[in-house]
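# Results of the structural survey
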Amino acid sequence: MFGKRPWKMAAGAAAISLLVAGCRGGDSEDPTATANAVVIGIAEPKHLLPTNTTDNNGSQVLASLFYPLVDFDAGRKPVEVAAESVTVDKTNRVWTIKLKPGFTFHNGEPVTSQNYIDAWNYGAYAPNAQDGGYFFERIAGYADLNPLDPDGAGPAKAPDPTTNKMSGLKKVDDLTFTVTLSAPFASFDSVMAYSVFYPLPKAAFAKDGVIAEGFEEKLIGNGPFKLKGKWEHDDKIVVEKFSDFKGVVPKIDGVTWKIYQDDMAAYADLVDNNLDVQTNIPTDALAVAPADLGERFQNSEDSGFDFIGFPTFAPEYENPNVRKAISMAINREEIASQVFLNSVAAAKSFVSPVVQGYRENSCGEACEYNPTKARELYAENKGPAEIKITYNQDGGHKSWVDATCNQIKAALRVNCTGVPEPKFSVMQEKLKAKQNIGLIRLGWVMDYPLMENYLGPLFTTKGSSNFYGWSNAAFDTLMKQGSAAATPEAQVKKWQQAEDILAQEMPIIPLRFSRNVFGYSTRVANVDMDLFKKVDLYEIETVA
Amino acid sequence: MFRYIVRRLLQMILTFFGATFVVFALMFANQDDPIQALAGEKPVSASLRAALTERYHLDEGFLSQYWYYMSNLLTGDLGVTLTGRDISALLAEAWPRTLQLSLMAIVLAAVLAVTAGVWSAIRRGGALDNGILAFTLLLLAMPIVVLAPVAQLVFGMELGWFPATASREISFYTLMLPAIVLATTVVATQLRVTRTSVVENLRADYVRTARAKGLTPRRVTWVHVLRNSLIPVITLIGVDLGTLMSGALVTEEVFNIPGVGFNLARGIRNEDGPLVVGFVSILVIVFLVVNLIVDLLYAALDPRIRYE
């Protein structure tokens, strides 16, 4: 009698749960509802406040919401965009920025010089902990907002900053302001192209120096698109055309920035035509992408630079000839074509081809694959009998590190092994402690297209990413002279001299220049990506 | 019954605190440099590091960090992630999605396992039985990290039966493929347990009696035998919830469903202590509640079981 009840219960429960499951859908609208809009895949940005955004996902979204002061032309030279003019005085210290009149923020506020000053001061103020704060360090007064910790990692804390305004920023009138640098720098206009230099409207601030709560979710910019609704975390960010925009008007009416956690999921959607542009085709899909996408599988130059660093503090790698020998044992072209299926280019210089002043093969003989010469040189200089290459496991580096090791093994007849570490930060800790973990896999992506942005952080003694402890007084001097040089051309000349020192000393082995490897759906055309790994939103268009 | 439930609920509170403590300790031990983990390979400037360290108390010891967390938790504040997002809001967004997905997987798995299990038990030794056993063997041998991408490739991208990901919108249809994949992780064991249990019960005295009474074979198997065979299966379903949740970590990533697994994976990658602890704590609660329900179901299935 009661025997039937459990079955009914189970059937009822099943029906209810399926019903509940079914009913939840339909609350989000179709991203392609507007015909002339595109869907571009990104990962969840960490932040969207311009001064706090240094990851590529966030800066791509910002590029749709904001209009930069300067941008780069085809020849990588800075050109004014939101600025009428950007000029510098004879000392190369005081930059005057005039804004184009008539621009407004998405909430109707006119864009004034004060908007820039407020945003930059907020970004530079240490207690605000903005990721992009370091971009402002050339501006006079930055040090007052970022007092140094007197004993580094020691117990004493850095004193509180005395002011939250940089003395180098001065408003002249509503459309003009001056930026005084703490030291002359003739290429500061290139630096200002970065997304942390966007302005913020008055509405962004609750009071002086305090961002209003929730502003990041409902960002207001000065760009061609405005935010539709709010930032839907982990799901999407929808932007639509801003009708009052006075600048160059894009051909599309809107962008849906679709958020993916996993590149392969995005790739599946791209092949399914659910996603219009994927800016980074995952390595796992490289082999099938030409067949899946055909002509719609593309690549273009970006600024990534992959290399192997030497622990130059370790005695066995002190000798530059040992370092050169190992470099000559590596066949870069073979790895680029076999492991990376030509999605990268072999690197034989210390700066990326995207910057002014790049010279092909500035590394010279030391970067040419020559196994016999490598072996002779290695034996002559008594290189170590065992070579380790340490890499972080979470970055998909195993295959090329192993391939590189095999080449070294074959050429130098020494043992070479790839050593995985779980995370990049673990490698970094060990290097900071001057622990000899062998050769280290490293990479660099520029912030602004100047040689200095490669050579400074990577190779100067105090460089922020000089993990391998290489230090060369002549190099440091040349870099300083370069920064202080009067014209961009003179700067490049000094920096090239500095690069020549690298070729003699080989503190690292240049391996590859990365490329944007992207694909797009049948719904869009004219898709191009720039050297900052951003889709060109002004060129892309939909096809019927 | 009521007193039993109250007692179990009180035990849950203890378990909850114990579990948060253990998870917090594990996250703390795993944490070497969350600021760098968040920044990826970009250098972090000294003043930024100092400000973030102070904001999240990263330089303080385990006990004092745990104290900050617990004192906030007791006032109902789950804290913020290292990127400044409110964890309770994250939980509220992520849980319904995962719940929907796992509910679909549970129902799919249970329906399939019980029907196929009983069929297989009745025709023991036959072609169908052997076929089903071979099939479950295949499923058991396939880890979800393989199954999920393969299913996506075959049924989503090649055949186009299902959307390749659930990105467009979370609906019954878009969640179907992930739910099937998730169900395969538990269906094999459930099926085999059902089969064994039914086979055993088919030989029991009461079955002979029922048959002797002249009941139809269908009624004997599907009512008398099945009801008595379900207890181990129900227990298993309760325990399988854990498997489903760990499976959700993979499925949600592959099919891009911003649910619990998706957030947990990110939290672990970024060494984001509060995020992981918050999500796991709720997971613990769900697990406890489901197992309480399972225990209560025993009584419904077997009148001899009473809770005092």
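Residues numbered from 1 in each chain as written. Chains lettered and ligands numbered in written order. Predicted model: local features only at pLDDT ≥ 70, side-chain atom pairs only at ≥ 80, totals over all residues. Heavy atoms only, no water.

### Some thoughts on the state of the cysteines
Residues and elements named next belong to chain A. The line we're drawing: A pair of cysteine sulfur atoms is labelled a disulfide when the two atoms are within 2.5 Å. Secondary structure elements are defined from DSSP: runs of H or I of at least 4 residues count as helices, runs of E of at least 2 residues count as strands, and each element is numbered from the N terminus.
Per the stated rule, a full pass over the model turns up two disulfides over all chains. For Cys405, the disulfide goes to Cys416, at an S-S distance of 2.0 Å. The S-S bond linking Cys405 to Cys416 shows a torsion near -65 degrees; that makes this disulfide left-handed. In this pair, Cys405 sits in helix H11 (residues 398-412) while Cys416 sits in strand E17 (residues 415-421), placing the two residues eleven residues apart along the sequence. Described in terms of the sequence order of its bonded cysteines, the disulfide pattern of chain A is 1-2, 3-4.

### Details of the domain arrangement of chain A
Residue and element names in this part refer to chain A. Our working rule: The split into domains, and so the bounds of each, comes from an automatic or database assignment of domains. Should any heavy atoms of two residues lie within 4.5 Å, those residues are considered in contact. Buried area: the accessible surface (1.4 Å probe) lost by two parts on joining, summed over both.
One can read the domain layout of chain A as domain 1 (4-44 + 231-300 + 516-542), domain 2 (68-210) and domain 3 (304-514). A separation of 33 Å is found between the C-alpha centroids of domain 2 and domain 3. In this assembly, 15 residues from domain 2 lie in contact with 16 residues from domain 3. Both faces combined, the contact of domain 2 with domain 3 buries some 1200 Å², and carbon together with sulfur accounts for 50% of it.

### Overview of the interface of chain B and chain A
Inclusion rule: Whenever a carboxyl oxygen of Asp or Glu lies within 4 Å of a side-chain nitrogen of Lys or Arg, that contact is scored as a salt bridge. Contacts described as polar in this section are N or O atom pairs within 3.5 Å, which, within protein, must combine one atom able to donate a hydrogen with one able to accept it, while residues neighboring in sequence count only if both atoms come from side chains.
Taken together, the 57 residues of chain B in the interface contact 63 residues of chain A. Interface of chain B and chain A: buried area, both sides summed, is about 4900 Å²; carbon and sulfur atoms make up 53% of it. Run the count over chain B and chain A and you get three salt bridges. Among the salt bridges present, the one from Arg266 of chain B reaches Asp234 of chain A, with a minimum N-O distance of 2.9 Å. If you look at where chain B meets chain A, you find nine residue pairs in polar contact (both at pLDDT 80 or more). Every element with two or more residues in the side of chain B that touches chain A is listed here: helix H2 (34-39), helix H3 (46-55), helix H5 (87-122), helix H7 (144-158), helix H10 (217-254), helix H11 (260-269) and helix H12 (273-301) of chain B. With nine residues, the top contributor of residues to the side of chain B that touches chain A is H5 of chain B.

### Observations regarding the UniProt feature "transmembrane region" (unreviewed entry) in chain B
Residues and elements named next belong to chain B. Inclusion rule: UniProt positions are given in the numbering used here, feature names are shortened, and annotations may be inferred rather than shown by experiment.
UniProt records the feature "transmembrane region" (unreviewed entry) at residues 12-29, 99-119, 131-150, 170-188 and 275-301, using the numbering of this structure. As annotated, residues 131-150 has a helix share of 90% and a strand share of 0%, and its two end C-alpha atoms lie 22 Å apart. Taken as a whole, residues 170-188 contains 89% helix and 0% strand, while its terminal C-alpha atoms sit 27 Å from one another.

### Quick notes on the pattern of salt bridges
All names here are of chain B. The test is simple: Remark: exposure states derive from per-residue accessible area (1.4 Å probe, protein chains only) relative to the maximum for the residue type, with buried under 20%, exposed over 50%, and partly exposed in between.
Per the stated rule, a full pass over the model turns up 26 salt bridges over all chains. The partner of Asp129 in a salt bridge is Arg195, with the nearest N and O atoms 2.8 Å apart. Here Arg195 lies in helix H8 (residues 172-202) and Asp129 lies in helix H6 (residues 127-141), a separation of 66 residues in the sequence. When sorted by exposure, Asp129 lands in the same class as Arg195, which is buried.

### Considering the packing of H5 of chain B against H12 of chain B
Residue and element names in this part refer to chain B. Note the cut-off: Working convention: axes come from line fits to C-alpha atoms, limited for helices to the stretch in contact. Angles between N-to-C directions cover 0 to 180 degrees. Orientation labels follow simple angle bins: below 35 degrees gives roughly parallel, above 145 gives roughly antiparallel, 65 to 115 gives roughly perpendicular, and whatever is left gives oblique. Note on convention: the crossing is left-handed when the near helix lies turned anticlockwise from the far helix by less than a right angle, right-handed when the turn is clockwise.
H12 packs onto H5 with a crossing angle of 50 degrees between their chain directions and a minimal axis gap of 10 Å. Judged by the angle between their axes, H5 and H12 are oblique. Relative to H12, the crossing made by H5 is right-handed. Of H12, the residues touching H5 (which contributes Ile87, Leu90, Leu91, Ala94 and Trp95) are Pro274, Leu275, Gly278, Phe279, Ile282, Leu283 and Val286.

### Digging into unusual backbone geometry
Residue and element names in this part refer to chain A. The backbone of Asn361 sits at a positive phi, close to 55 degrees, despite the residue not being glycine. Looking at where Asn361 falls in the secondary structure, it is placed in the loop between strand E15 (344-346) and helix H10 (371-380). Of the residues examined, Asn361 reaches a relative accessible area of 30% and is grouped as partly exposed.

### Digging into the side chain of Asn115 of chain A
Residues and elements named next belong to chain A. For Asn115, the location among the structural elements is in helix H3 (residues 113-124). The buried category is assigned to Asn115, whose relative accessible area is 1%. Excluding residues within four positions of it along the chain, Asn115 makes contact with Phe105, Glu109, Pro110, Pro199, Leu200, Pro201 and Lys202.

### A look at the sheet that holds strand E7 (residues 176-180) of chain A
Across a sheet, paired strands are connected by hydrogen bonds in the backbone, their directions being either parallel or antiparallel. Residue and element names in this part refer to chain A. Put simply, the rule reads: Pairing between strands requires that DSSP locate at least two bridges from one strand to the other.
A sheet is described by the order of its strands in space; here four strands give the open sequence E4-E5-E7-E6, paired in antiparallel fashion. Edge positions in the open sheet fall to strand E4 (83-88) and strand E6 (169-173), since each of these has one partner strand only. Averaged over all pairs of adjacent strands, the angle between strand axes in this sheet comes to 20 degrees, irrespective of strand direction. Judged from the five bridges that link them, E4 and strand E5 (residues 94-99) form a sheet pairing that is antiparallel. From the neighbouring strand, Val88 faces E5, where its bridge partner is Trp95. On top of the sheet, H3 reaches E5, E6 and E7; it is set at about 170 degrees to E6, its chief contact.

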